[in-house]
Structures are given as structure tokens and as C-alpha cells.
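# Observations on the three-dimensional arrangement
Below are the chains, spelled out letter by letter.
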Amino acid sequence: MRRRYKFSVGMALTYAVLVLVAAITLYPLVNLLAVSLSPRADYLRDPMMVIPPRIDLSAYRMVIENQLMWSSYRNTIVITLVGVAISMFLTATAAYPLSEPDLKGKRWITAIYLFTMFFSGGMIPNYYLVRSLGLLDSLWALMIPGALSIYNAMLLKNSFESLPPALKESARIDGANDLVVFLRIVLPLSLPILATLTLFYAVGKWNSYFNAILYISSRDKWTLQLLLREIITNTTSLLDDGTSAETLPATSIRYATIVFATVPILLIYPFLQKYFVKGLMVGAVKG
């Protein structure tokens, strides 16, 4: 039997609103990509373009040929990979003991953790702490401070608590210790929430900006975000010569750099998106 779909004014309005919201959301991204591919004359004629009349890759060529871009890219990749590994290790090892019902002092430890979510030493004490540890002008200053997110640890703790207790009890009866239970039972069953938290940490490390301003002074240790700031405030620092600016708008260079810097996250996101809803629901609801 053929399926019949009933048309209603409410459904039509709903779809119209969704299409409008999608268009409003996607337009800045499409315009950014179109301007980055356009020469100066086309940009001046229509700065709000959606489809570039002509394709000009000069902006991308300037970005790719700039050595500071590649060093910033390398630093950001190192910070993201190593920083996420450290953060996930600390988050998992902090959440697992708190998920055990027989942990002594569990309420006090949880209260201390939660206290740090609402109160901190502030920017100046953190700066002095980083300086006293000898981490100034070092990539470690962007990975170690703030490596553990208590909010993420609480989500992971709730996820661990939602696992059937019988699984861990049966493993302990067979002679498994806490480390074996943690590595071979708890972690494999928590892949959705682990993937979600990994992406949260990765996006945070990749977009880290304020800490880099505070702790990094050498140009060879700049991150992508610091380079973007330099390009936005002083685009000519990326140009090889003054004549390039006559045929290529500064906006195209800025937009090309933004596209170049966001491509890795855009490529990774689709593969982890399927874990979002399941991971957050498991971590947010204790059952």
C-alpha cells in the first residue's frame, strides 16, 4: 500500500523555519569560502557573494607558502594530540574511582572536585604558577594547566556508574583486579562517552587562544589561533610583497587562513558525531 502523507500548515511552517535557520547558519561559511577563492575585483563587486564568479587560489598559495603557518600548524597538532591524551588519561583515572560505591571518602573527594568547578585562583596566580614551574614560552604550558575538566570527569563518572555492576563483580570473582576491570571492561563499554569527551577536548585544545597569549612569546611556538590573530590585525605580515595586496584583498587571505585552520576539525567531526547523543545521554543520566 502506498503511504499517504498528510499536509498541514503547521508542518509547512516548521519546514520553512528549519530551512531558514539552516540557510542563516550556512551562509557565513559559504560566503567565507567564496571570498577566499575570489580575486580582488570580484570581491569589491560583491563582498556578500555565495558563488565566486572566478576561482583564484592565490590566497591559499600565500597561506601554504608561509613558513609560520606550518610551524603554527605543527605546534597546534602537537598540543592537540598530546594534550588530549593527557586530559583523557586524567579524566578516566579520576572518574573511575569515584564511580566505585565502596570508595572511602567518596563524598568529600567529589565535593573537592566540584569546588574547583566554581572557584579558581584567577589569571595572575595561574600565571605565577606556570612561571614557577618553568613552563613559560613552552608548549607544555598549553597542555598541562587545565588538563583535567571536572565537568567531563563527572560525565564520565556517571557513565561508569550506569554500567551493570554484575559485569565488574563477575570479573573480580574470576580474579581480575581493578586495573584489569578498568582497562578490559569499563573502558571498552564506554566508547561513546569517551569519543565524545575526546572531541570536546580536541576542539578546546585546537581553539586554545587566551592561554597562548599569556604563556607563549616566541613566534616559532605560536599556535594557529595566535597566527590568525596576527593575520586579522596585520594581514600584510603574511604577504610576500606589497604588490600582492593590489590584486588580492586582505579579506581573502584572512578567510583562506580560517578555512585552512578549520579543515582538520571539520574532517574529524563527522566520524565522531554519531557518538554525541548516545555519549552525552549515558553520561548525563545515571541509571
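Since the model is a prediction, treat every value here as computed from it, not as a measurement. (Residues numbered from 1 in each chain as written. Predicted model: local features only at pLDDT ≥ 70, side-chain atom pairs only at ≥ 80, totals over all residues. Heavy atoms only, no water.)

### Some words on the overall build of the protein chain
Put simply, the rule reads: Labels follow the DSSP assignment, with helices taken as runs of H or I lasting at least four residues and strands as runs of E lasting at least two, numbered in each case from the N terminus. Burial here depends on accessible area, computed with a 1.4 Å probe over protein chains only, as a share of the maximum for the residue type. Under 20% is buried, over 50% is exposed, and the range in between is partly exposed. Contacts are assigned to residue pairs with any non-hydrogen atoms lying within 4.5 Å of each other. The Shrake-Rupley method, run with a 1.4 Å probe sphere, supplies the accessible areas, and residue values consider only the shown protein chains as cover.
Helices and strands together make up the secondary structure of the protein chain, namely 15 helices and zero strands. Burial analysis of the protein chain (287 residues in total) assigns 40% to the buried set. Taking the intrachain contacts of the protein chain between residues at least 6 apart in sequence as the baseline, contacts between residues at least 24 apart amount to 72%. When the accessible area of the protein chain is evaluated, it comes to approximately 17600 Å², of which 67% is carbon and sulfur surface.

### Overview of the packing of aromatic side chains
What counts is decided by this rule: Between rings of Phe, Tyr and Trp, where Trp is taken as its six-membered ring, a pair exists when centres lie within 6.5 Å; planes separated by under 30 degrees are stacked, by over 60 edge-to-face, and by other angles tilted. A ring is considered to have a charge above it if a Lys NZ or an Arg CZ atom is located within 6 Å of its centre and within 35 degrees of its normal.
Tallied over the full model, the rule gives 10 aromatic pairs. Taking 4.8 Å as the distance between ring centres and 25° as the angle between the ring planes, the aromatic pair formed by phenylalanine 115 and phenylalanine 119 counts as stacked. A residue is classified by how much of its surface remains accessible, and phenylalanine 119, at 52% relative accessible area, is exposed. Where tyrosine 127 meets tyrosine 128, the ring centres are 6.3 Å apart and the plane angle is 80°; that geometry is what we call edge-to-face. Accessibility expressed as a relative area gives 30% for tyrosine 127, which makes it partly exposed. Among the aromatic residues, those joined into a cluster by ring pairs are Trp70, Tyr73, Trp206 and Phe260. Against the face of tryptophan 222 rests arginine 219, its NZ or CZ located 4.7 Å from the ring centre.

### Regarding a nonpolar patch on the surface
The condition that has to hold: Any residue with relative accessible area above 30% and no salt bridge may belong to a patch, with like charges joined within 9 Å and the nonpolar Val, Leu, Ile, Met, Phe, Trp and Tyr side chains within 5 Å. Salt bridge criterion: a side-chain nitrogen from Lys or Arg within 4 Å of a carboxyl oxygen from Asp or Glu.
A surface patch of nonpolar side chains, amounting to about 500 Å² of accessible area, comprises Ile77, Val78, Leu81, Val82, Trp140 and Ile144. Tracing the sequence through the fold places leucine 81 in helix α4 (residues 67-99). Looking at leucine 81, the relative accessible area reads 59%, which means it is exposed.

### Thoughts on the pattern of salt bridges
If you walk through the whole model with that rule in mind, you get seven salt bridges. Note that glutamate 100 is salt-bridged to arginine 172, the shortest N-O span being 3.3 Å. Placement of the pair is glutamate 100 in the loop between α4 and α5 (106-118) and arginine 172 in helix α8 (residues 165-173), with a sequence separation of 72 residues. Residue classification places glutamate 100 among the buried residues on the basis of a relative accessible area of 12%.

### Remarks on the environment of asparagine 126
Convention followed: The definition of a polar contact used here is a pair of N or O atoms within 3.5 Å, where within protein one atom must be able to donate a hydrogen and the other to accept one, and adjacent residues in sequence count solely through side-chain atom pairs.
Along the chain, asparagine 126 falls in helix α6 (residues 123-132). For asparagine 126, a relative accessible area of 33% puts it in the partly exposed group. Separated by 19 residues in sequence, asparagine 126 and proline 145 have C-alpha atoms that sit 8.4 Å apart. Only 3.0 Å separates the side chain of asparagine 126 from the backbone oxygen of glycine 122, close enough to count as a polar contact.

### Points about the layout of surface pockets
Using the following cut-off: Lining residues are those with an atom within 4 Å of a point, where the points come from a 1 Å grid over the protein atoms alone and group into cavities, where a 1.4 Å probe fits but cannot get out, or pockets, open sets with protein on both sides within 12 Å along at least five of seven lines. Grid points are joined across faces, edges and corners, and a volume is the space filled by probe spheres set on the points. For this classification, the nonpolar set comprises Ala, Val, Leu, Ile, Met, Phe, Trp, Tyr, Cys and Pro, the charged set comprises Asp, Glu, Lys and Arg, and every other residue, Gly included, is treated as polar.
Estimated volume of the largest pocket: approximately 640 Å³. At the level of elements, α5, α6, α7 (150-161) and α11 (210-215) are the ones that each hand at least two residues to the lining of the largest pocket. Taken together, the residues of the lining of the largest pocket break down into 16 nonpolar, seven polar and no charged. Approximately 280 Å³ is the volume attributed to the second largest pocket. Lining the second largest pocket are 13 residues, with Leu29, Ile258, Val259, Thr262 and Leu266 sitting closest to its centre. Put simply, the parts of the chain that give the lining of the second largest pocket at least two residues each are α1 (9-36), α12 (224-233) and α14 (250-272). Among the elements that take part in the lining of the second largest pocket, α14 stands out by supplying seven residues, more than any other. Here the residues of the lining of the second largest pocket sort into 10 nonpolar, three polar and no charged.

These figures come from the coordinates and say nothing about function on their own.
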